[in-house]
Amino acid sequence: MHPPLDRPHPDCQTAINDLQNCHATTSKLKFWGCNEVKFALDRCLKEEKLKLLEVINKDVATRRALEGDVYQKAMGKEVSFEDYLKQDKDFNNAMEERRNKGGDPNAQYGNGGNGVNKY
């Protein structure tokens, strides 16, 4: 399945024209008559999509960090929750004790952390 071909696809226009020409000249009774042409169009559209995603996501880490900073300022917090937990000695000691016991850190929930209740 490909996206609508009526919008511009500058990199794939020749493949689109080839597919439309194949559909116009090939019998409708021949089910696989245009498969190779369609496969070429699919590859071209996939490459086009990958290029577009690269452009869109080139600075996603920077944008997410900026959003996190803005959220923290809006909430009146100087430190994120994850950073707070890393600095919390009581939390870190409790987690270390659970790891040393060989137990599951989620054992307090009574399901072994797998989402299934034992009882």
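Residues numbered from 1 in each chain as written. Predicted model: local features only at pLDDT ≥ 70, side-chain atom pairs only at ≥ 80, totals over all residues. Heavy atoms only, no water.

**Q** Looking at this model, I keep getting lost on the overall build of the protein. Mind explaining?
**A** Of the regular secondary structure elements, the protein holds five helices and zero strands. Taken from the N to the C terminus, the helices and strands of the protein come in the order α-α-α-α-α. For the protein, with 119 residues in total, the buried portion stands at 13%. For the protein, restricting intrachain contacts to residue pairs at least 6 apart in sequence, the fraction spanning at least 24 positions comes to 36%. (Helix = DSSP H or I, 4+ residues; strand = E, 2+ residues; numbered from the N terminus. Buried < 20%, exposed > 50% of the residue type's maximum accessible area, 1.4 Å probe, protein only. Contact = heavy atoms within 4.5 Å.)

**Q** What is the right way to read helix α2 (residues 35–56) from this model?
**A** Note that an α-helix has 3.6 residues per turn; residues three or four places apart therefore point the same way. Between the first and last C-alpha of α2 there are 31 Å, a value that for 22 residues agrees with the 32 Å anticipated at 1.5 Å per step. What α2 keeps buried is the set Leu-41, Cys-44, Leu-45 and Glu-48. Projection of α2 onto a plane perpendicular to its axis shows the buried side chains occupying an angular sector of 100 degrees, all on one side. Facing away from the buried surface of α2 by more than 90 degrees, the exposed residues are Glu-36, Arg-43, Lys-46 and Glu-54. (Expected span 1.5 Å × (residues − 1). Arc of directions from axis to C-beta.)

**Q** Can you walk me through the state of the cysteines in this structure?
**A** Working definition of a disulfide: a covalent bond connecting the sulfur atoms of two cysteines. Applying the stated criterion across every chain yields a total of two disulfides. A sulfur-sulfur distance of 2.0 Å marks the disulfide that ties Cys-22 to Cys-34. Residues Cys-22 and Cys-34 are joined by a disulfide whose S-S torsion is about -100 degrees; by sign, that bridge is left-handed. Taken together, the positions of Cys-22 in helix α1 (residues 13–25) and Cys-34 in the loop between α1 and α2 put the pair 12 residues apart, joining distant regions of the chain. What makes Cys-34 buried here is its relative accessible area of 10%. The connectivity of the disulfides in the protein is 1-4, 2-3, where the numbers refer to bonded cysteines in sequence order. (Disulfide = S-S within 2.5 Å.)

**Q** Looking at this structure, I do not really get the side chain of His-9. What am I missing?
**A** Examined against the element boundaries, His-9 turns out to sit in the segment before α1. For His-9, a relative accessible area of 0% gives the class buried.

**Q** I'm lost on the pattern of salt bridges in this one. Help?
**A** Pairs can form between side chains of opposite charge whenever their charged atoms are close. Within this structure, the stated rule accounts for four salt bridges. Where Asp-11 meets Lys-51, a salt bridge forms, and the shortest distance between an N and an O atom there is 3.9 Å. Here the residue Asp-11 occupies a position in the segment before α1, and Lys-51 occupies one in helix α2, the gap between them amounting to 40 residues. In this structure, Arg-99 and Glu-96 form a salt bridge, with 3.4 Å as the shortest nitrogen-oxygen distance. Taken together, the positions of Arg-99 and Glu-96, both in helix α5 (residues 89–101) and three residues apart, correspond to about one turn of that helix. (Salt bridge = Lys/Arg side-chain N within 4 Å of Asp/Glu carboxyl O.)

**Q** Just checking my understanding: could you explain the packing of α1 against α2 for this structure?
**A** How two helices sit against one another is set out by the angle between their axes and by the gap between those axes. One can describe the packing of α1 onto α2 by two numbers: an axis separation of 9 Å at closest approach and a directional angle of 155 degrees. Judged by the angle between their axes, α1 and α2 are roughly antiparallel. α2 is crossed by α1, and the crossing has left-handed handedness. Only Val-37, Lys-38 and Leu-41 of α2 make contact with α1, whose side of the interface consists of Ala-15, Ile-16, Asp-18 and Leu-19. (Axes fitted to C-alpha atoms, helices over the stretch in contact; angles between N-to-C directions. Parallel < 35°, antiparallel > 145°, perpendicular 65-115°, else oblique. Left-handed = near helix turned anticlockwise from the far one by under 90°.)

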